[in-house]
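Report on the structure
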Amino acid sequence: MGTQTQQANNDIAFTTLAATGSTGDVNATSDHGRIFGDIILANRSATLRAGTTISGTSLTATNGPISPRAGGLIDWTTLTASATLAATSPAGGLTSRTA
């Protein structure tokens, strides 16, 4: 499976978002809501943009960066990136138990 793209005006809720193969990127954008769920697994990069918050259990980018940007809190139990972790949250900060 190649790139997985999710786009919503409001919330994006998921159990698992997975993108495998040489073009395995996960891109999710919630213009005015939050992104929340359990597992994101990207073979390359994971780019998340939310108007409010981003949260989940496990976010892994096996061969690339993780780039979450939210208007509020970014909260993940585990963040694993083979490259950079570039989180932006002007109003909420970043919480992770393992990074």
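Below, the structure is looked at part by part. (Residues numbered from 1 in each chain as written. Predicted model: local features only at pLDDT ≥ 70, side-chain atom pairs only at ≥ 80, totals over all residues. Heavy atoms only, no water.)

Examining the sheet that holds strand β3 (residues 26–30)
Spatial ordering of the open sheet is given by β1-β3-β5-β7, a layout of four strands whose pairing is parallel. This sheet does not close on itself; its edge strands, each paired only once, are β1 (4–8) and β7 (66–70). Pairwise comparison of adjacent strand axes, ignoring direction, gives a mean angle of 0° for this sheet. Direction of pairing for β3 relative to strand β5 (residues 46–50): parallel, over a ladder of five bridges. Considered in β5, the bridge of A28 is made with L48. (Pairing = 2+ DSSP bridges. Helix = DSSP H or I, 4+ residues; strand = E, 2+ residues; numbered from the N terminus. Axes fitted to C-alpha atoms, helices over the stretch in contact; angles between N-to-C directions.)

Re the nonpolar core
Considering soluble globular proteins, one finds that nonpolar side chains tend to be buried as a cluster. Of all hydrophobic cores here, the largest spans 21 residues; its most connected members are I35, I40, L48, I54, L59 and W76. If you list the elements that add at least two residues to this core, you get β2 (12–19), β3, β4 (35–42), β5, β6 (54–61), β7 and β8 (74–81). It is β2 that contributes the most residues to this core, four residues altogether. For I54, the residues in contact, after removing those within four places along its chain, are I35, L48, R49, P68, R69, A70, L73, I74, D75 and W76. (Core = buried A, V, L, I, M, F, W, Y, C linked by side-chain atoms within 4.5 Å. Buried < 20%, exposed > 50% of the residue type's maximum accessible area, 1.4 Å probe, protein only. Contact = heavy atoms within 4.5 Å.)

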